[in-house]
Amino acid sequence: MSAELLSRLVTLLSFAALGLTILLIVRTRLEGQVRVFGLQSLVLALLSVLIALYTGRLELFGVGLALLVIKGIIIPRVLHRAVTKIGIVRVAAPYLGTAPALVICALLTIVAFYVMTPIATTNPLPTADAMPLAFAGVLTGFFIMVNRRRAVTQILGFLMLENGIFLLALLTTYGVPFVVEMGVFLDVLVAVLIMEVFVCHIKDNFDSIDVGELGTLKE
Amino acid sequence: MMLLSLLLIPLIATGLIAVARQRVLIELLHVGSALVTLGVAAAIAVEIWHSSVLIAAGDLFRVDALSALMVAIITSLGAITSVYAVGYIRAELSDAHLRRVRLFFALFQLFIFTMVVAVTTDNLGVMWIAVEGTTLATVFLVNLRHTRTSLEAAYKYLILSSVGIALAFIGTALIYYAGAGKAGEIAVNWSTLRAGAGSLNGDVVRLAFIFILVGYGTKAGLVPMHTWLPDAHSEAPAPISALMSGVLLNVGLYAMMRFKAIVDAALGPAFAANLLIGVGLLSLLIAAAFLIAQRNYKRMLAYSSVEHIGIVCLGLGFGGYWGVFGAVFHVVNHALAKSLLFIVSGNILLKYHSAEIRDVRGLMRASPWTGALFLAGVLALIGLPPFAPFISEFIIFRSGLESYPWAAAMGVILLVVVFGGMLASVNSMLYGEPPADIENGGGLRLWLAPLAVNFALLLALGLTLPASFEGAIKQVVQIVGV
């Protein structure tokens, strides 16, 4: 595989990953949102394998596999279980509707290009062109967390932010060392398991998963 | 070997507590582990004092003077708090809640373990994992009481800290990228990065430090990512508040100090200094605003933590030998004073069953020991002589007047505001007629005995600066860089 082909494929897949993050804003059903996240993890696993093939780094195959298992299968299952357990609850509208939210996403993408392009152009790796796309995914995930009031969507926003960061590290330096990457996956998995417990607690206590109702603690 | 046992003792204790059946056994394991860890930490500190660096497990763990200072703070306050935690949890949870008692003590030890890993590892990726681990270990502790408010605090804490730490990961990955070309294929370590910092790509380092500052600043409780802190610190059980405020915030600061040393070597001191002074002043300002008419005494202590972490950032930003010296000294003083106050606040909460300042009256008459310790702690915290925080704040602002006079002057004005606000609140708690349904004395008076250590140190360091202590701080200052 030539460097140019890799660069194009990587940019294409990174674009797909960003597209999936934005799709989360459009989707309103929780099951659909969970599936979008699973799909994005699959895209990232594919990207790791692609870069592993190009560079011949064995550990990147391992990273791709772990990503597929933890973020592509286990975490979506955990979240799906939480969604089923919660059942039908009052729907909490996001703070901003779909159309303004998409405008914000476009602005965030511009910001991402503004911040990351200077660093991407000095980076010699063939994957570096897609760095702004990955950073746009990080910012969009952050925006989803702030904008959505349902706890499950907030968790998905966090996970997409995590995916964006993973992608950014992958594109910038072919990923951080293997031990660290595995530790990060483990942390994310434990965090999601804890978040699931909390979502169920919130449902039991407030009869809703609208985090806007968590407003007792004020000055 | 010594270093590995420091890491393994709390980890093994976590496992043993998780399977222990009797409450007494759990408590013994818990206190025993905390005391043995403290002993090992003391031995390590002596070793560092003589030979300056300890290395274990290849290059994964490396303890220098800065790490040793953090280990000393974690383990000594861990030991003091662990003793009080036994008494506090006995008062809070009866034997019927044995499962929650076990969870509490197991997570307490796990919390200590993650903090010790974070400050002793040489690998910045492993440190990141450990710092995220501190959040995961403490989130159930914040929600120990299972009330609506504690649930809310714990959820906010988990989400905000996770996002913050995720941003810190971007910074870590960027530094890794900046250093990967220089350091070869090995995982990037503090020691190799620091040595090769002069040749790192400036643009990348600059962007990385901004992410680091926001990310680890979230864990350190710096404005604007501090909003989880007053909720979590006020809802957590008192011993955990003491550790989160007195110790965990310092772990966030520790990460920032390590990165600052690299950034200074790569870019010169001005870049990090301006950012640190900016967030420091902002933290001081927001904390002062919320301290003026605070209604809840645990939240008051929490905002005061935001204030003091801001002061430490100012010291680091003002720079020069004395600025950094004051900052490191202030880390120690704040840890001592704040853990003392949060522990005492646990006693007040158990006695008055309310965290509202207006419900607490006549503390001096109702329980003189608790009241006197609370008063001493607050006087130390707001920077009155003869206590040590006065000295460290004086050193910081004295050096600031030379390098950044306007920022230092604003800082001093804000300190005066905090001084007035806190003193007024505390005054109304200490004096007056206690409510009729409060019985005098009793409570957990005896469990406060270990706080004599905090008090004695605050007083001693305020009156004299022993040459050995000054020498130790000096070693730390050299690592942080002036």
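Q: Is there a simple way to explain the overall build of chain A in this structure?
A: When helices and strands are tallied, chain A shows 7 helices and 0 strands. Its C-alpha radius of gyration of 18 Å places chain A within 12% of the 17 Å reference for a compact globule of 219 residues. Reported as C-alpha extents along the three principal axes, the dimensions of chain A are approximately 55 × 35 × 35 Å. Taking all 219 residues of chain A together, the buried fraction comes to 46%. Across chain A, contacts joining residues at least 24 apart in sequence account for 73% of those joining residues at least 6 apart.

Q: Looking at this structure, I do not really get the interface of chain B and chain A. What am I missing?
A: Frequently, the measure chosen for interface size is the accessible area removed from exposure when the parts meet. Across the boundary between the two partners, chain B contributes 33 residues, which contact 32 residues of chain A. Among the elements of the structure, helix H5 (124-142), helix H6 (148-183) and helix H8 (202-220) of chain B are those that each provide at least two residues to the side of chain B that touches chain A. Take the side of chain B that touches chain A: its biggest share by element is 19 residues, from H6 of chain B. The residue makeup of the side of chain B that touches chain A, split by class, is 23 nonpolar, 5 polar and 5 charged.

Q: Teacher, can you tell me more about unusual backbone geometry here?
A: Phi is mostly negative for residues that are not glycine, and the peptide bonds are mostly trans. Between Val-223 of chain B and Pro-224 of chain B the backbone carries a cis peptide bond, its omega angle lying at 10°. With respect to the helices and strands, the residue Pro-224 of chain B is situated in the loop between H8 and helix H9 (228-235). Residue Pro-386 of chain B is bonded to the preceding Pro-385 of chain B through a cis peptide linkage, with omega at 10°. Examined against the element boundaries, Pro-386 of chain B turns out to sit in the loop between helix H15 (368-381) and helix H16 (388-403). Even without being a glycine, Tyr-174 of chain A presents a positive backbone phi close to 60°. The phi angle at His-353 of chain B is positive, at roughly 55°, despite the residue not being glycine.

Q: Teacher, can you tell me more about the confidence of the model for chain A here?
A: Keep in mind that low pLDDT regions are not for reading the predicted coordinates in detail. Confidence in the prediction of chain A, expressed as mean pLDDT, is 88, and 97% of residues score 70 or more. Of all the helices and strands in chain A, helix H7 (residues 178-206) of chain A carries the lowest mean pLDDT, 88, while helix H2 (residues 30-55) of chain A carries the highest, 93.

Q: In this structure, what is going on with the nonpolar core? I would like to understand it.
A: Within soluble globular proteins, side chains that are nonpolar generally end up buried alongside one another. Counting 274 residues, the largest nonpolar core has Met-131 and Leu-168 of chain A together with Ile-74, Met-115, Leu-174, Ala-208 and Val-328 of chain B as its most contacted members. With 21 residues, the single largest contributor to this core is H6 of chain B. Not counting residues within four places of it along the chain, the set of residues in contact with Leu-174 of chain B comprises Thr-172 of chain A together with Val-204, Leu-207, Ala-208 and Phe-211 of chain B.

Q: Before we go on, may I ask you to explain the domain arrangement of chain B in this structure?
A: Residues and elements named next belong to chain B. Annotation of chain B at the domain level lists domain 1 (1-122), domain 2 (129-268) and domain 3 (271-482). For domain 2 versus domain 3, the distance between C-alpha centres works out to 22 Å. Taken together, the contact between domain 2 and domain 3 spans 30 residues of the former and 33 residues of the latter. Secondary structure elements with two or more residues in the side of domain 2 that touches domain 3: H8, H9 and helix H10 (238-267). In terms of residues, the side of domain 2 that touches domain 3 owes the most to one element, H10, which gives 16 residues. Grouping the amino acids of the side of domain 2 that touches domain 3 by side-chain chemistry returns 17 nonpolar, 10 polar and 3 charged.

Q: Sorry if this is basic, but what is going on with helix H1 (residues 3-26) of chain A here?
A: Note that an α-helix has 3.6 residues per turn; residues three or four places apart therefore point the same way. For H1 of chain A, spanning 24 residues, the distance from its first C-alpha to its last is 35 Å, which sits close to the expected 34 Å at 1.5 Å a residue. The set of residues buried in H1 of chain A consists of Val-10, Ser-14, Ala-17, Leu-18, Leu-20, Thr-21, Ile-22, Leu-24 and Ile-25 of chain A.

Criteria and thresholds
- Residues numbered from 1 in each chain as written.
- Chains lettered and ligands numbered in written order.
- Predicted model: local features only at pLDDT ≥ 70, side-chain atom pairs only at ≥ 80, totals over all residues.
- Helix = DSSP H or I, 4+ residues; strand = E, 2+ residues; numbered from the N terminus.
- Rg over C-alpha atoms; globule rule 2.2 N^0.38 Å.
- Buried ≥ 20, exposed ≤ 12 C-beta atoms within 10 Å, placed from the backbone.
- Contact = placed C-beta atoms within 7 Å.
- Nonpolar A, V, L, I, M, F, W, Y, C, P; charged D, E, K, R; others polar.
- pLDDT = per-residue confidence, 0-100.
- Core = buried A, V, L, I, M, F, W, Y, C linked by C-beta atoms within 7 Å.
- Domains from an automatic or database assignment.
- Expected span 1.5 Å × (residues − 1).

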